[in-house]
Structures are given as C-alpha cells and as structure tokens.
Amino acid sequence: MTPLRVLAVASEFYPIIKTGGLADVAGALPIALRADGIETRTLVPGYPDVIKALPTAEVLLDWPDFHGGPVRLLGGSHRSLDLLVLDAPHLFARPGNPYLAPDGKDWPDNGVRFAALSRMAADIGQGAIPSFLPDIVHAHDWQAGLAPAYLHYANGPRPGTVMTVHNMAYQGRFPHDMLDAFGLPPESFTMHGVEYYGTISFLKAGLQFADRITTVSPTYAVEIQSDEAGMGLGGLLRERSQVLSGILNGIDTSVWNPEADPYIAARFGANELDSRAANRAALQRQLGLDPSPNALLLGVISRLTWQKGLDLLLDTIATIVGEGMQLALLGTGDRDIEHRYQAAANANQGRIAVVIGYDEALAHLIQAGADALVVPSRFEPCGLTQLCALRYGAVPIVSGVGGLADTVNDVDEADIADGAATGFLFSLGTDEALAAALCRANKSFQDKPGWRQLQLNGMSTDVSWRDRASRYAVLYREVVAARRNDMH
Ligand code: ADP
Ligand code: GLC
C-alpha cells in the first residue's frame, strides 16, 4: 500500500469549532484514514479558538498581503489531528459562529474569507510548503469549493481533487463583480466555469472542476441529481454522474461510546442495557419530565431549520401527549420554531421538555436516556444523530430520505429477530405520516422483549468510520491512478 498525502480543506472541525456534522466528519475521517495508509493534513481558518488551541504551532509561511491583509500559515496538531491553519486576522479573528456576524446575518465578506481559504489550499496543492506536497486536495462544502477551480486554472502540475457535498442547500453565491477580488480569471465566468445564473457559485465551481465528487450517502447521491434536491445544480450533477458517488459518514466511536462516556449518568454496553434506565431517569429529572418509567421517551438533537422538519413534529404534539409519550428536545436555530417549542413545553409541563441552545453534554445524555430518537428531516444528506442513537440503544424514528433511509431498517420491512430491523421509517409529506410512525413505535415499546431486541440490533450495527474511510482511500487512489494514466 503506497502511502498517499491528502490535504483536506474544511471550515469547521470537532472539537474546536462546530456548527454541524461537517465538523464531526472533518475531525474524525483523517484519523480513520491512517489505517489505509493515508496521511491527511487539514487546512482550517484561524478563528480565535483555533489559534488558542495551537499555542506551539510553527509558522510555515508568511505573506504581507493575501486577500487584503497579512497572513501566516501555521502548522500544528490538536489531539491527533494534523492541522494547517490560515492565520489571517483580517478575515478570521472573529469569535463566535464561523459564518455569521453578531446580528445573525452572514459576514458581508464571507466570499473573500473562503476564497482565501480555498486559494491557500490550491497553493499548498502546488507545492507552497515543500515538506507537504499533497497527492489529493479534498474540499468539503462550498467554503472550500473554489480550490478545484483555482487548481484548474493554474499553470503547472496539480494534485487530484475531490469535492464532497455535505449539504446542497448551502452553495456560497456572490456577485459577479467579485471575480477579480477572488483572483479568478475572466474566462472562468461562463456556464462551464464558476458562473451560476449571473453570480459566482463556490459550490458549483467545486462540482464543475473536481476530478471526483462525493456526497455523504448513496441515496443523497441519487437524490441530488433531481432538479428539486439538486437545488439548481441537478443538471450539472446529472452531467457528471460518472464521477459522483455516495459514501456514508461514520461517527467517532471514541467520542460516542456508551461504555466510556463521561457525560452520562450510567455507562452501559449491550450486556448492561438495564443500566440505561439510570440515564433515562437522570434525563427526566434534569429536564423536569414526569418520572414515569412506561412512557415512550422521545429525544431530538438538532438544528431547528426547515431541513430538519421539526415544524412537522410540532404538529404531532397532541398525539405525543394524547398517547402518553414524552419528548425531550435540544436544539437551536429559527427563532419561530424555537418559540413554538417553548410554548409547547409551557403548555405540557412534565410531558414536553425543550432546551434551546447548543449543549454537548445534554446531547450525550439524550442519546443515552431517550427510548427513541426522532429525525423527521425533509432532506438529509447523511445525518449523524441517528448513527449515535443506534450505538446508544435509542431506537431511531426517521423520515425515509437520504442517509436516514440508508442507515435505518424499518421493523415492517426487516426482521427484528434476525437482527436486521433497527427502527422506524416514514414517508415524508405530512405530519400524519410522522404521527403514525410515532404511534407504531409506541405500540412496539409496549412489547418489552421485542423492543430490547430492536435496541440490541441497533447497538450491533457498525456505525464507525472503519469501512467507510477505506472507501475514501480507494477513491483517492483511483484519482491518483487516473491522473497518472492521463499524463502518459
Ligand atoms: P447537520 O450537520 O445537518 O446539523 P448532523 O446530524 O449531520 O446534522 O450533525 C449534527 C451534529 O451536531 C451531531 O453531532 C449532533 O449531535 C450535533 N448537534 C446538533 N444540534 C445540537 C445541539 N443543540 N447541541 C449539541 N449538539 C448538537
Ligand atoms: C450536513 C448534513 C448532514 C450530514 C453532515 C455531515 O450538515 O446536513 O446530513 O450528516 O453534513 O456530512
């Protein structure tokens, strides 16, 4: 196995800076890839928390003027992740959310910020740091999308490029007149370049120019070739379907390990499933839910956005309460959805508990204590919370889309006894379908041995990165081999 060098480019990474699953992937995939002989360094923006986490970083390069200010490239590591940090105070020395200003709106210079990140990736790809010349530049999401474009238009040899889409809903579109500020040549502004209906689209640029495109589940890879789920880029993805594939995400099974989880009340494994009851009781106590042992306790951990379909779950509150179930929801996002959940909690004390905010510890306790985890997404590229739920014995109740459909097997389609069934799926569309799935789960919950088997089936499902990382390794090697053939 020849070792291969990969420069991953991501705008967030666990555990330093995270708004969603992209950070989890960026933080875990490089480590899993080592077993396949892949050496990864991850280029990230120098947000204040990143700089703080790397006090002994080495200065690898510095420029007096890079996209409007002085920058340095730092090299260091955090835990076992090898990082390259774009220390650009004029772009990234801003605390808080990596994309949003304190007023909740996108930073007005987001285009330049992430063009600079992508440009640095391309420069490293072309040898800016002689000690690390990558075979592959792997761009994650729109923030890294210009990297394959810069490499396409650059002179001289370039590494292979892979573009991974974690979410088609975020495309990074900016006005045409920024072309020069982004350092893109005039000829790039065409339908077969970075142009998207008169604007510059970072995601489109990546999809257009990368050697290979991946997304985070096989079903989403098919869905995004449609006009609707492709969100305007379905045509391009249909054209490039030969180089598009879906590779499921895994989870970091050292962070999400019920046998050694520091955040939960009682640790447990498949052989000590009874210990889960202590987590369930702790969750009910902490959130002010009635201490009833027989109510199906539903959990939710989510961004509260249209994508996640949690407005549909609000419409089932009467069913949840009427059928004697409980709900523990942790989330943050749209103000309107937050307010509606708070109102539902106030009206149903002891039955519905809502925590608005981001809380890592509570997320772990919900996975360990809830009987079931609900993910009613309208679309879901992969989804990680249902994977954690499987590992923690919280039975997933999910809509049958994207990665949810690929990772949960419905009890009516698969057998519980032979280990295949792991949860409940429902067809998207109406809140009635979701309510029906909740009622099906509630009925199954009354059959204690059957429910226990369902939990054990989930807990024995492989949700780790092991095999999934190997698929990226194979893909990288294919790209390198294909480029070598092209050159001969
Ligand atoms: P997305 O990336 O679309 O938000 P994923 O399911 O892929 O969805 O990843 C979400 C990640 O963020 C998971 O690790 C989940 O546990 C975490 N998460 C989401 N909301 C919260 C919250 N309010 N508090 C703590 N963790 C959260
Ligand atoms: C995105 C998607 C989510 C996926 C995550 C990591 O945020 O919404 O489904 O799991 O990226 O790939």
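Residues numbered from 1 in each chain as written. Chains lettered and ligands numbered in written order. Predicted model: local features only at pLDDT ≥ 70, side-chain atom pairs only at ≥ 80, totals over all residues. Heavy atoms only, no water.

Points about the domain arrangement of the protein
Our working rule: Either an automatic procedure or a domain database provided the assignment from which the domain bounds are taken. Pairs of residues are marked as contacts when any of their non-hydrogen atoms sit within 4.5 Å. The term buried area denotes the loss of accessible surface (1.4 Å probe radius) that occurs when two parts are joined, taken as the sum for both partners. Think of a salt bridge as a Lys or Arg side-chain nitrogen and an Asp or Glu carboxyl oxygen that are within 4 Å of each other. Polar contact criterion, stated in full: a pair of N or O atoms within 3.5 Å, where within protein one must be able to donate a hydrogen and the other to accept it, and residues adjacent in sequence count only if both atoms are side-chain atoms. Working definition: helices are DSSP H or I runs of at least four residues, strands are E runs of at least two. Numbering for both runs from the N terminus.
Domain annotation of the protein identifies domain 1 (4-250 + 466-487) and domain 2 (270-459). Taken over C-alpha atoms, the centre of domain 1 sits 33 Å from the centre of domain 2. At the junction of the two partners, domain 1 supplies 20 residues and domain 2 supplies 14 residues. Roughly 1300 Å² is buried in total at the junction of domain 1 and domain 2, and carbon and sulfur atoms are behind 59% of that figure. Between domain 1 and domain 2 we count 0 salt bridges in total. The interface formed by domain 1 and domain 2 contains 6 residue pairs in polar contact (both at pLDDT 80 or more). Of all the secondary-structure elements, those providing two or more residues to the side of domain 1 that touches domain 2 are helix 1 (21-33) and helix 7 (218-223). Looking at the side of domain 1 that touches domain 2, the element that brings in the most residues is helix 7, giving 4 residues.

Brief notes about the packing of helix 5 (residues 146-153) against helix 6 (residues 202-209)
Put simply, the test is: Simply put, an axis is a line fit to the C-alpha atoms, just over the touching stretch for a helix, and the angle between two N-to-C directions goes from 0 to 180 degrees. Oblique is the label for any angle not covered by the other classes, which are roughly parallel (under 35 degrees), roughly antiparallel (over 145) and roughly perpendicular (65 to 115). Crossing handedness follows the turn of the near helix against the far one: under a right angle anticlockwise gives a left-handed crossing, and clockwise gives a right-handed one.
Viewed as axis vectors pointing N to C, helix 5 and helix 6 meet at an angle of 55°, and their least axial separation amounts to 7 Å. It follows that helix 5 is oblique to helix 6 by the angle criterion. Here helix 5 runs over helix 6; the crossing is left-handed. Contacts between helix 5 and helix 6 pair Leu 146, Pro 148, Ala 149, His 152 and Tyr 153 from the former with Phe 202, Ala 205, Gly 206 and Phe 209 from the latter.

Here's the deal with the sheet that holds strand 9 (residues 195-196)
Selection rule: When DSSP locates at least two bridges between a pair of strands, those strands are taken to pair.
Taken in spatial order, the 3 strands of this open sheet run 8-10-9, and their pairing is antiparallel. Two strands lie at the open edges of the sheet, namely strand 8 (173-175) and strand 9, each paired on one side alone. Across 3 bridges, strand 8 lies against strand 10 (residues 199-201) in antiparallel orientation. Each bridged residue has a counterpart across the sheet, and for Phe 174 the counterpart in strand 10 is Ile 200. The sheet contacts of helix 6 involve strand 8, strand 9 and strand 10, and relative to strand 10 the element is tilted by about 60°.

Description of the site of ligand 1
Rules: One heavy atom suffices: a residue is near a molecule or strand as soon as one of its heavy atoms comes within 4 Å of it. Each residue receives one of three labels: charged for Asp, Glu, Lys and Arg, nonpolar for Ala, Val, Leu, Ile, Met, Phe, Trp, Tyr, Cys and Pro, and polar for the others, Gly being one of them.
In the region of ligand 1, 19 residues are neighbours, and Gly 21, Arg 303, Lys 308, Gly 357 and Leu 384 sit closest. Contact distances for ligand 1 include 3.0 Å between an oxygen atom and a side-chain N or O atom of Asp 24. Note that a nitrogen atom of ligand 1 is positioned 2.8 Å from one of the backbone N or O atoms of Gly 357. At the level of secondary structure, the elements contributing two or more residues to the shell around ligand 1 comprise helix 1, strand 13 (297-304) and strand 14 (326-333). Top contributing element to the shell around ligand 1 by residue count: strand 13, with 3 residues. Of the residues in the shell around ligand 1, the class split is 5 nonpolar, 8 polar and 6 charged.

So, the layout of surface pockets
Test applied: Points on a 1 Å grid, built from protein atoms alone, make a cavity when a 1.4 Å probe fits but cannot get out and make a pocket when they are open with protein on both sides within 12 Å along at least 5 of 7 lines; residues with an atom within 4 Å of a point are the lining residues. Grid points are joined across faces, edges and corners, and a volume is the space filled by probe spheres set on the points.
Here the second largest pocket is characterised by a volume of approximately 360 Å³. If you trace the second largest pocket, you find 15 residues lining it, with Leu 273, Ala 277, Arg 280, Asp 371 and Gln 455 closest to the centre. Looking at the lining of the second largest pocket, the element that brings in the most residues is helix 9 (residues 276-287), giving 5 residues. Residue classes in the lining of the second largest pocket are distributed as 7 nonpolar, 2 polar and 6 charged.

Focus: helix 18 (residues 466-487)
Given 3.6 residues per helical turn, the α-helix brings residues three or four places apart onto the same face. Test applied: To estimate how far a helix should extend, the number of its residues minus one is multiplied by 1.5 Å. When a residue's accessible area, from a 1.4 Å probe over protein chains only, is under 20% of the maximum for its type it is buried; when over 50% it is exposed; and in between it is partly exposed. Directions drawn from the helix axis to the C-beta atoms are what define this arc.
Taking 1.5 Å per residue as the helical rise, helix 18 with its 22 residues ought to reach 32 Å, and the 32 Å between its terminal C-alpha atoms agrees with that figure. Every buried residue of helix 18 is accounted for by Arg 468, Ala 469, Tyr 472, Ala 473, Leu 475, Tyr 476, Val 479, Val 480 and Arg 483. Projected down its long axis, helix 18 shows its buried positions confined to an angular sector of 160°, all on one face. Counted as exposed and oriented over 90 degrees from the buried face of helix 18: Arg 466 and Asn 485.

Focus: the sheet that holds strand 16 (residues 372-375)
Within a sheet, neighbouring strands are paired by backbone hydrogen bonds and run either parallel or antiparallel to one another. Taken in spatial order, the 6 strands make up an open sheet running 15-14-13-16-17-18, and their pairing is parallel. The outermost strands of the open sheet, each flanked by one partner alone, are strand 15 (352-356) and strand 18 (424-426). Direction aside, neighbouring strands of the sheet carry axes that sit 15° apart on average. In this structure, strand 17 (residues 395-399) lies alongside strand 18, joined through 3 bridges in parallel fashion. In the sheet register, Ile 397 faces strand 18, and the bridge partner there is Phe 424. Along the sheet, helix 14 (residues 385-392) makes contact with strand 13, strand 16 and strand 17, crossing strand 16 at roughly 170°. Those strands touched by helix 16 (residues 431-446) are strand 13, strand 16, strand 17 and strand 18, and its axis lies near 160° from that of strand 18.

A short note on empty space enclosed by the protein
Throughout the structure, instances matching the rule amount to 2 cavities of 30 Å³ or more. The space that makes up the largest cavity amounts to roughly 90 Å³. The residue makeup of the lining of the largest cavity, split by class, is 8 nonpolar, 1 polar and 2 charged. Val 6, Ala 8, Val 25, Ala 26, Leu 29, Pro 30, Leu 33, Thr 40, Thr 42, His 138, His 140 and Tyr 476 together form the lining of the second largest cavity. Considering each element in turn, the lining of the second largest cavity owes the most residues, 5 residues, to helix 1. Each residue belonging to the lining of the second largest cavity can be placed in one class, and the counts come to 8 nonpolar, 4 polar and no charged.

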